[in-house]
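Residue-level structural notes
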Amino acid sequence: LKIIWFHKIHKKDYDLEFSRSTASQIEDQGFVLDQVTDKPMKMIPLLFYGAFLKHNRGISRKLVDEIFDNLVNKSGEDGENGIIGVLAEMYAETVQ
């Protein structure tokens with residue numbers, strides 16, 4: 001499985017990863033991978049939030065949304081995978 005590290009955001013390091021439990025948590029909140037392209041405004045922030053849950057218990061949704069809003073190049077460019085694509089792959093690998 002893959003892990004994404006964010007270093008020194010608000011003076012804290014964050015590890016992003018999914019487990020079956022955290023995947024289930026966001027599914028309970030309405031996340032459906034097949035709907036990411038149809039409902040990106042709902043699904044992408046939920047996917048991003050879910051990646052924080054395994055290693056960052058108690059992190060607020062507001063803080064995660066703020067981190068997401070400040071990311072540059074979320075979807076990648078020139079054939080590279082942005083964070084959204086990487087998180088979708090990480091989620092899919094977890095639930096397989």
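None of these values were measured; they are calculated from a predicted model.

1. Some details on the confidence of the model for the protein
Detailed reading of predicted coordinates is not advised where the pLDDT is low. In the predicted model, the protein carries a mean pLDDT of 89, and 94% of its residues have values of at least 70. Of all secondary-structure elements in the protein, the lowest mean pLDDT belongs to strand E1 (residues 4-9), at 72, while helix H1 (residues 20-28) reaches the highest, 97.

2. Topic: the nonpolar core
Ranked by size, the top nonpolar core spans 28 residues in total, and within it Phe 6, Leu 16, Phe 48, Phe 52 and Leu 87 carry the most contacts. Every element with two or more residues in this core is listed here: E1, strand E2 (12-16), H1, helix H2 (40-53), helix H3 (61-69) and helix H4 (83-95). With 9 residues, the top contributor of residues to this core is H2.

3. A few points about the side chain of Thr 22
Its place among the elements puts Thr 22 in helix H1. With relative accessibility at 0%, the residue Thr 22 sits in the buried group. At 2.8 Å, the side chain of Thr 22 and the backbone nitrogen of Ser 19 are in polar contact.

4. Section: the packing of aromatic side chains
Within a pair of aromatic rings, the relevant descriptors are the distance that separates the centres and the angle that separates the planes. What the rule picks out here adds up to 5 aromatic pairs. Residues Phe 48 and Phe 52 carry aromatic rings whose centres are separated by 5.1 Å and whose planes lie at 70° to one another, so their mutual orientation is edge-to-face. With a gap of 4 residues between them, Phe 48 and Phe 52 both fall in helix H2, about one helical turn apart. Its relative accessible area of 0% is what places Phe 52 among the buried residues. Taken together, Tyr 14, Phe 48, Phe 52 and Phe 68 form an aromatic cluster joined through their ring pairs. A cation over a ring is seen here: Lys 12 above Tyr 14, with NZ or CZ 5.2 Å from the ring centre.

5. A few points about H4
Compared with the 18 Å implied by 1.5 Å per residue over 13 residues, the 18 Å span of H4 between its first and last C-alpha is a close match. Listed as buried for H4 are Ile 83, Ile 84, Leu 87, Met 90, Tyr 91 and Thr 94. Down the axis of H4, the sector holding all buried residues measures 125°, keeping them to one side.

6. Here's the deal with the packing of H1 against H2
At a minimum axis separation of 9 Å, H1 and H2 run at an interaxial angle of 145°. In this structure, H1 crosses over H2, and the sense of that crossing is right-handed. Packed against H1, whose contacting residues are Thr 22, Gln 25 and Ile 26, the element H2 presents Leu 46, Leu 47, Gly 50 and Leu 53 at the interface. Per-class residue counts for the contact of H1 with H2 are 4 nonpolar, 3 polar and no charged.

The rules behind these values
Residues numbered from 1 in each chain as written. Predicted model: local features only at pLDDT ≥ 70, side-chain atom pairs only at ≥ 80, totals over all residues. Heavy atoms only, no water. pLDDT = per-residue confidence, 0-100. Helix = DSSP H or I, 4+ residues; strand = E, 2+ residues; numbered from the N terminus. Core = buried A, V, L, I, M, F, W, Y, C linked by side-chain atoms within 4.5 Å. Buried < 20%, exposed > 50% of the residue type's maximum accessible area, 1.4 Å probe, protein only. Polar contact = N/O pair within 3.5 Å; in protein donor to acceptor, adjacent residues only side chain to side chain. Phe/Tyr/Trp six-rings, centres within 6.5 Å; stacked < 30°, edge-to-face > 60°. Lys NZ or Arg CZ within 6 Å of the ring centre and 35° of its normal. Expected span 1.5 Å × (residues − 1). Arc of directions from axis to C-beta. Axes fitted to C-alpha atoms, helices over the stretch in contact; angles between N-to-C directions. Left-handed = near helix turned anticlockwise from the far one by under 90°. Contact = heavy atoms within 4.5 Å. Nonpolar A, V, L, I, M, F, W, Y, C, P; charged D, E, K, R; others polar.

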